[in-house]
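Each chain, written out:
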Amino acid sequence: VRPVELPGVTAHVGASLDRPAAMPPNVVGILPGSDPELRNTYVVFSAHFDHVGTAGTGSWDCRPVGDNRICNGADDNASGTTAILELAEAFALLPERPRRSLIFLAVSGEEKGLLGSAHFVDNPTVPVEAIVANINMDMIGRNHPDSVVVIGQTYSSLGPLLHQVNDRHPELGLTVADDLWPEQRFFYRSDHFSFARREIPAIFFFTGVHEDYHRPTDTADRIDVDKVTRITRLVFHYGLAIANQVQPPRWDPAGLDEVRRLTSQRR
Ligand SMILES: [Zn+2]
């Protein structure tokens, strides 16, 4: 092909650009399982790793404190993100790998409407039907040192299993509480919801809101590091139990009905 000049001819070329305003990433890591069959099934640990930016710059419900407009997110959700990183390292260091494969998922856009986790379950990097469980952590570093609220316990076998695992680890000194604030509808408010929407048994570790929630004062010095460490250890033992069980977690029939009702209200 040779370029040819066309005297007197004018061409107009146009294109419309339909680009989203931003493309924040999800970060996905995988630890392949050791069992020839169970390794084709997956346990997903998730936490959102971005937050709400600066106060007064958008629709965020983050209010400035004096001149400080940076909405630090130490509890919401550096605490959960740190747990994901520590879990990945701990599982990778085991002399014997867990039987199922483990996915460590750090998502964006939780605060904008669970965008990253919704994208993951709708465009999964593994077959979505092979994901047997989601364990989500969002704000696990504050409030009473010895208790953790775990939301979604009554919907599937993940709840009873968690209590069995916690009973085997009294050294952690943790009390697993059920949802203390059902009227706040936290079941809708973090990334486990995206997995539940796809009918994947899901459960949500959370230590509750506080006066620094969505404020510049959600800073690292206010985190109970010992508590985050103990919760992360509990999630490690729990995740290992799920990964090594031949039977995948099962919905409770009434729980699945309830989850279908909840997720159909907000799809
Ligand atoms: Zn959060």
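Residues numbered from 1 in each chain as written. Predicted model: local features only at pLDDT ≥ 70, side-chain atom pairs only at ≥ 80, totals over all residues. Heavy atoms only, no water.

Q: What is the right way to read the overall build of the protein from this model?
A: The secondary structure content of the protein amounts to six helices and seven strands. Starting at the N terminus and ending at the C terminus, the protein contains elements arranged as β-β-α-β-α-β-β-α-β-α-β-α-α. The C-alpha extent of the protein, read off along each of the three principal axes, is 85 × 55 × 40 Å. Of all 267 residues assigned to the protein, the portion counted as buried reaches 48%. Of the contacts formed within the protein by residues at least 6 apart in sequence, a portion of 86% connects residues at least 24 apart. Here the protein has roughly 13800 Å² of accessible surface; of this, 54% comes from carbon and sulfur atoms. Side-chain charges of the protein comprise 25 positive and 34 negative groups, with the mean position of each set lying 4 Å from the other. (Helix = DSSP H or I, 4+ residues; strand = E, 2+ residues; numbered from the N terminus. Buried < 20%, exposed > 50% of the residue type's maximum accessible area, 1.4 Å probe, protein only. Contact = heavy atoms within 4.5 Å. Areas by Shrake-Rupley, 256 points an atom, 1.4 Å probe, with all protein chains shown as cover. Lys, Arg positive; Asp, Glu negative; His and termini not counted. Charge placed at Lys NZ, Arg CZ, Asp CG, Glu CD.)

Q: Just to check I follow, could you spell out the coordination of the zinc ion for this structure?
A: Bound to the zinc ion on the protein side are His48 (NE2), Asp76 (OD), Asp138 (OD) and Asp138 (OD), at distances that span 2.0 to 2.6 Å. In this structure, the zinc ion is surrounded by four donor atoms whose angles at the metal cover 53 to 148°, and the resulting shape is irregular. Along the chain, the residues that donate to the zinc ion are spaced as H-x27-D-x61-D. Placement of His48 in strand S2 (residues 42–48) and of Asp138 in the loop between strand S4 (131–137) and strand S5 (147–151) is noted, with a sequence separation of 90 residues between them. Asp138 matches His48 in its accessibility class, with the two residues each being buried. (Donors = N, O, S within 2.8 Å, 3.2 Å for Na, K, Ca; no water. Tetrahedral: all angles 85-135°; square planar, octahedral: opposite > 155°, others 65-115°.)

Q: For this particular structure, what's the right way to read the pattern of salt bridges?
A: One side chain can pair with another of opposite charge once the charged atoms of both are near each other. Under the defined criterion, the tally for this structure stands at ten salt bridges. Through salt bridges that share partners, Arg142, Glu211, Asp212 and Arg222 make up one connected network. (Salt bridge = Lys/Arg side-chain N within 4 Å of Asp/Glu carboxyl O.)

Q: Can you help me understand the state of the cysteines in this one?
A: Per the stated rule, a full pass over the model turns up one disulfide. Residue Cys62 pairs covalently with Cys71 via a disulfide, S to S 1.8 Å. Taking the torsion about the sulfur-sulfur bond, which here is approximately -100°, the covalent link between Cys62 and Cys71 counts as left-handed. Under the relative-accessibility criterion, Cys71 is labelled buried at 5%. (Disulfide = S-S within 2.5 Å.)

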